[in-house]
Amino acid sequence: MSDPILKIEGICTNIAQYHILQGVDLVVPRGGVTMLLGRNGVGKTTTLRSVIGHWRAHEGRILFDGQDITQLPTAAIARAGLGFVPEDMGIFADLTVEENMILAAISGPIDPARLDWIFAAFPPLKTFWKSEAGTLSGGQKQMLSIARAMAEERKLYLIDEPTKGLAPAIISTMARALKDLKDQGASILMVEQNFAVAKALGDTANVMDDGRVIWSGAMEALANDARLQEQLMGLSMEAHST
Amino acid sequence: MTAAPEHAPTMARTTLRDRLAPYAPFLLVPALAVAGFLAVQNPASWLTLTVSGLAMGMMIFIMASGLTLVFGLMDVINFGHGAFVSVGAFVGISVLLALGQMTGAPSLGLNLLAVLAAVLAAMAATATMGWAFERVIVKPVYGNHLSQILVTMGGLIIAEQLIIVLWGPEEIYFTRPETLKGALTFGDAAIEKYRLVAVGVGLVVFAAMRFVLRRTKIGLIVRAGVQNGEMVAALGYRLRLVFVGVFIAGSALAGLGGVMWGLYQEVITAHMGNQAMILIFIVVIIGGLGSVEGCFVGALLVGLLQNYIAFVEPKLALISNIALMVAILMWRPMGMIPVVKAK
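This is a predicted model, so every value here is computed, not measured.

This next bit is on the overall build of chain B. If you tally the helices and strands in chain B, you get 13 helices and four strands. Within chain B, buried positions represent 49% of all 343 residues. Long-range pairs, those at least 24 residues apart, make up 78% of the contacts in chain B between residues at least 6 apart in sequence.

Here it is in structure tokens:
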């Protein structure tokens, strides 16, 4: 196995007086989609935010592409090649779709071919190119949030619940776009509560509970073992997907 | 790749009211001017008061624009902003007094050159001071509003005392450069030349700020940072550097405003910045924290209202701006042109 793109070694993160992460160990291989699963409040979002540097791990270390990024500023982590899609989408509502995309391309103007690819995945962004992002629907805002991460090639994409609160048709759009990104060889670490999407996209899975990763393995193995799902997450994915 | 389904949302037909809503704050300025005309009833007096109000508004805008961006970008309440106004005025006016031969000559070119030298010196001094102020006073108290208020007020007091040490405790009286003295007459109305200059400078500064904020990448970063600084950093931009840049630029603008305010009043004191802070805060609040456009409209409203009320009912002049703030916050609690903040 080649060097992983991301290796998290025993990180602990506190938010105010709460000990959210209590020794997370996680390996994200190069290429493919690594799913981070678990019930609400177990620390999935905090793990992603600790990687991007929004919250600081006070113990353990985070190795990205071989470099220790645990104490680097967020901007330096992003420039090292991390694309981040936060749970709240983080779009700039007063800026137009175009301006949001211009900002996302930190190394210069967006490559026209890449922009065409993004428009092919998310046609509404072309339609509303000059509109303020705040006027978009929830699904369109999520498209913009993911498109922003895709504006440049990144070594790793951190994507937090891309299908949260979206209509089934839009979820299909998201899943197709992410599948396309994966097929291009991208490395993705994704938090997802929609098990159908997780099952369709995931190559490896990590299940969290109480601020730790309690199970790691192939997504297929988890998806095909209802008893394991019950044991790890207290529910069966099949039942939750319908 | 399979494309996503095309979205063809059905848009509701917008009413005239809906379409005018975003421009309502801008319409308040001509509406207030019309109301002022009806109240004053004398066209010549109205024209004089209107130009005076616009000039005053422009100067307040120049002083306040940096403060609103600093607050919007980093959530920093800088009560020390008035120090830059005072220091700018003292440095600028000192340069003007030193260039007495140029300011006393009846030559527009020499006079403008002297004013330009004064403005550049004031902006350079306050930009440097802003850089030091941010590093020493503001940086240690990010995220703590109470500490920010206390230490920035402390910074203001220190700056005022330093002015007294360097320039003495007395007020400094002076006269404007020769060609900026006097008034132009339009019919029965006399309009001071300097006020026209102030209106022109204010418009140029506003246009320049709009250009930078709307048409350049650094402007995009600033506008995005005002809405969601965390996400700007996650895209790879060093927000702190941007903030320091905005703080320095805002300090320099306050210095420019200080020179202009000093030339307007023809007297400067160590406390002039502190006194201007009341108007500056009113303008920043009613405009919408972090909004340059809101700050511009708010400053014009404050300037116009104060002049009209001082003429029509002088006893009410003191409370007119507070009343304006109350009225606007009842109409739009987040200010006239609020910036959409990330939750």
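There's plenty left to go through after this.
Here we take up the overall build of chain A. Secondary structure summary: chain A contains 11 helices and 10 strands in total. For a compact globule of 242 residues, the expected C-alpha radius of gyration is about 18 Å, and chain A comes in at 17 Å, within 12% of that figure. A buried classification covers 47% of the 242 residues belonging to chain A. Sequence-distant contacts, at least 24 apart, represent 68% of the contacts inside chain A between residues at least 6 apart.

So, about helix H7 (residues 168–183) of chain A. All names here are of chain A. The end-to-end C-alpha distance of H7, which contains 16 residues, comes to 22 Å, matching closely the 22 Å that a straight helix rising 1.5 Å per residue would cover. Looking at the packing, one finds that the buried side of H7 touches helix H4 (112–121), helix H6 (138–150), strand E8 (187–191) and helix H8 (195–201). Within two residues after H7, Gly185 carries a phi angle of roughly 95°, on the positive side.

With that out of the way, let us pick up the interface of chain A and chain B. Accessible area lost when the parts come together is the quantity often used to give the size of an interface. Each partner contributes to the interface: chain A provides 31 residues, whereas chain B provides 26 residues. Listing elements by their share of the side of chain A that touches chain B, those giving two or more residues are helix H2 (74–79), helix H3 (97–104), H4, helix H5 (123–127) and H7 of chain A. Here the residues of the side of chain A that touches chain B are counted per class, giving 18 nonpolar, seven polar and six charged.

Residue and element names in this part refer to chain A. If you check the domain split of chain A, you get domain 1 (6–81 + 154–241) and domain 2 (88–153). The element best represented in the side of domain 1 that touches domain 2 is H7, accounting for five residues. Within the side of domain 1 that touches domain 2, the residues separate by chemical class into eight nonpolar, one polar and three charged.

For the rest of this paragraph, the subject is the sheet that holds strand E1 (residues 6–15) of chain A. All names here are of chain A. The sheet built from four strands is open, its strands ordered E2-E1-E4-E5 with antiparallel pairing. This sheet does not close on itself; its edge strands, each paired only once, are strand E2 (18–28) and strand E5 (67–68). When E1 meets strand E4 (residues 57–64), the two strands line up antiparallel, connected through six bridges. Counted as the bridge partner of Leu6 is Phe64 from E4. Against the sheet, helix H1 (residues 44–52) engages E1, E2 and E4, with an angle of about 75° to E2.

For the rest of this paragraph, the subject is the nonpolar core. When a protein is soluble and globular, its nonpolar side chains tend to lie buried together. Ranked by internal contacts, the top residues of the largest apolar core, which has 185 residues, are A:Leu158, B:Ile60 and B:Val283. The dominant element in this core, judged by the number of residues it contributes, is helix H3 (residues 43–74) of chain B, at 19 residues. Residues from two domains meet in this core; each of domain 1 (6–81 + 154–241) and domain 2 (88–153) of chain A gives at least three.

Next up on the list: unusual backbone geometry. Residue and element names in this part refer to chain A. A positive phi angle is found at Ala16, which is not glycine, with a value near 50°. Mapped onto the secondary structure, Ala16 falls in the loop between E1 and E2. Looking at Ala16, the number of C-beta atoms within 10 Å reads 5, which means it is exposed. With a phi close to 45°, Glu161 is a non-glycine residue in the positive phi region. By the secondary structure assignment, Glu161 is in the loop between strand E7 (156–160) and H7.

For the rest of this paragraph, the subject is the sheet that holds strand E9 (residues 204–209) of chain A. Residue and element names in this part refer to chain A. One open sheet holds the six strands; their spatial order is E6-E7-E8-E3-E9-E10, and the pairing between them is mixed. At either margin of the open sheet sits one strand with a lone partner, and together these are strand E6 (82–85) and strand E10 (212–218). Sheet twist, expressed as the mean angle between neighbouring strand axes with direction ignored, is 15°. Looking at chain direction, strand E3 (residues 32–37) and E9 are connected through four bridges and run parallel. Bridge pairing in E9 links Leu36 to Asn206.

Turning to the packing of helix H9 (residues 217–234) of chain B against helix H10 (residues 239–265) of chain B, a few remarks are in order. Residues and elements named next belong to chain B. Following both chains from N to C, one finds H9 and H10 inclined at 150°, their axes separated by 10 Å at the closest point. Compared by their axis directions, H9 and H10 come out roughly antiparallel. Both H9 and H10 take part in a crossing whose hand is left-handed. For the pair H9 and H10, the contacting residues are Ile221, Val222, Gly225, Gly229, Val232 and Ala233 in the first and Leu239, Val242 and Val246 in the second. Split by residue class, the contact of H9 with H10 holds seven nonpolar, two polar and no charged.

Basis of the calculations
Residues numbered from 1 in each chain as written. Chains lettered and ligands numbered in written order. Predicted model: local features only at pLDDT ≥ 70, side-chain atom pairs only at ≥ 80, totals over all residues. Helix = DSSP H or I, 4+ residues; strand = E, 2+ residues; numbered from the N terminus. Buried ≥ 20, exposed ≤ 12 C-beta atoms within 10 Å, placed from the backbone. Contact = placed C-beta atoms within 7 Å. Rg over C-alpha atoms; globule rule 2.2 N^0.38 Å. Expected span 1.5 Å × (residues − 1). Nonpolar A, V, L, I, M, F, W, Y, C, P; charged D, E, K, R; others polar. Domains from an automatic or database assignment. Pairing = 2+ DSSP bridges. Axes fitted to C-alpha atoms, helices over the stretch in contact; angles between N-to-C directions. Core = buried A, V, L, I, M, F, W, Y, C linked by C-beta atoms within 7 Å. Parallel < 35°, antiparallel > 145°, perpendicular 65-115°, else oblique. Left-handed = near helix turned anticlockwise from the far one by under 90°.

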